[in-house]
Amino acid sequence: MTAESDATGVALEAALGSVRIGVLTVDLDGYVRSSSPGLDRMFEAPVVVGTHVTELAPEEDADRIASVLSALADEGTDPDSLKRLRFGARKASGRTFPVMVNVERIEGSDLSVAVVRDLSQLLEAQDRALSAERRSQSVLVQLVQGLSTAVEFRDPYTAGHQHRVADIALAIADTLGWDDESGMWQGLFLGCLIHDIGKLYVPSSILNRPGRLSGLEMGLIREHPVTGYQTIEHVDFGVPVAAVVRQHHERLDGSGYPDHLSGGEVQPCVRIAAVADVLEAMTSHRPYRPAKPVDAALAELVAGRGSRYDGEAVDAVVLLLDGAAPASAEALLPLIPAQAGQDYAAQGPFADRNRDAVPEPRARQEQPQQPTSTDYGP
Ligand SMILES: [Fe+2]
């Protein structure tokens, strides 16, 4: 070996060592015929010629190793089937670690060469990344819940409204068979939790004033989808939260606001959120109107089925209230204020949070304003 090739070998070995790769040759019976120093470092002891490969692995992998050996002996084996094999490996100390192995029969010989890569650091890094992602997801949800609470502090008449809308929306999505693969579930949940965040910009004297609202006051309240959207539009949720905030008062026939969207312009998450919002809002007291019974809310939804409201979402509500859907009426009804006799502070899933936060509606000084059929929020 020349000095140059020797230096190259040292450099190669150092590189292989740094990426935790080792090489060994084995005969068709599975006995080690040679191994690289990188493999010795990986196993923290010399891998002695004559060792059977099953001694380098935990017992539970013995059968799989035997299958690989017979595949190597079979000339008809597809070489690709012997790449990227995942095994456990066992150090001299007995500690096991994950490896990826590429095995290949050496042409014209009874030997095979196996390139073994230690995956410990890679998998640990993946675990760390995953837990960091979970942590940031959890922080995100907590932040959104904090924002939701901020809205409800300013608008105590709707305390718990956003949480109940979120729960009703998830019950609808569950009934429709949505899964969380696309992140739509999370977008729906987070969007509903802060769908009224724009009310932060509405004077509380308007939000909490009993009686009929003037056109100007109603106009101010009706700006909340846009101001809410402007508040969060630059937050990269990765899921359609901003759409739920901006579009939750849109109706499929174009009669909603603020953008008078219609049909397919209204996103799927929003279609469900809008139905959940109407159901919860109609059955809740507002300073300017009394709560309506569940039947009235249901009648409104069914009347607008397929025109104002998404037909499938309305059908899901009907199924839920009939107790025919997986998320049963038993779970849904306590979320609906009118059904819970307005005592959702004691019955709902947010009982502890709401108990001191939901005031009795003030005595009305004027005739309650009757909202239009498509406006029960606002
Ligand atoms: Fe709203």
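Structure's up top.
Residues numbered from 1 in each chain as written. Predicted model: local features only at pLDDT ≥ 70, side-chain atom pairs only at ≥ 80, totals over all residues.

To continue, consider the nonpolar core. Generally speaking, nonpolar side chains in soluble globular proteins are found buried as a group. Counting 44 residues, the largest nonpolar core has Ala169, Ile172, Ala273 and Val275 as the members making the most contacts within it. Broken down by secondary-structure element, the contributors of at least two residues to this core are helix H4 (120–154), helix H5 (161–175), helix H6 (184–193), helix H10 (241–247), helix H11 (268–282), helix H12 (294–303) and helix H13 (311–322). With 11 residues, the top contributor of residues to this core is H11. Beyond its immediate stretch of four places on either side in the chain, alanine 169 contacts Leu188, Cys192, Ile272, Ala273 and Ala276. (Core = buried A, V, L, I, M, F, W, Y, C linked by C-beta atoms within 7 Å. Buried ≥ 20, exposed ≤ 12 C-beta atoms within 10 Å, placed from the backbone. Helix = DSSP H or I, 4+ residues; strand = E, 2+ residues; numbered from the N terminus. Contact = placed C-beta atoms within 7 Å.)

Bringing the sheet that holds strand S2 (residues 32–35) into the picture now. One open sheet holds the five strands; their spatial order is S2-S1-S5-S4-S3, and the pairing between them is antiparallel. Since the sheet does not close on itself, it has two edges, and those belong to S2 and strand S3 (85–90), each with one partner. Pairs of neighbouring strands in the sheet enclose a mean axial angle of 35 degrees, with direction left out of account. Pairing of strand S1 (residues 21–27) with S2 involves three bridges; the strand directions are antiparallel. Residue pairing across strands places leucine 24 opposite serine 35, the latter belonging to S2. Helix H3 (residues 62–73) contacts S3, strand S4 (96–105) and strand S5 (111–118) of the sheet and is inclined by roughly 10 degrees relative to S4. (Pairing = 2+ DSSP bridges. Axes fitted to C-alpha atoms, helices over the stretch in contact; angles between N-to-C directions.)

Let us look at the environment of serine 307. Within the secondary structure, serine 307 sits in the loop between H12 and H13. A sequence separation of 56 residues divides serine 307 from arginine 251, and the C-alpha atoms of the two residues are 7.9 Å apart. Dropping the residues within four chain positions of it, serine 307 is found in contact with Leu252 and Asp253.

Quick look at the packing of H11 against H12 now. Each packed pair of helices is defined by two parameters, the angle between the axes and the distance between the axes. Running from amino to carboxyl end, H11 crosses H12 at an angle of 150 degrees, the nearest separation of the two axes being 9 Å. Accordingly, the angle class assigned to the pair H11 and H12 is roughly antiparallel. Between H11 and H12 the crossing geometry is right-handed. For the pair H11 and H12, the contacting residues are Val275, Val278, Leu279 and Met282 in the first and Ala296, Ala297, Glu300 and Leu301 in the second. (Parallel < 35°, antiparallel > 145°, perpendicular 65-115°, else oblique. Left-handed = near helix turned anticlockwise from the far one by under 90°.)

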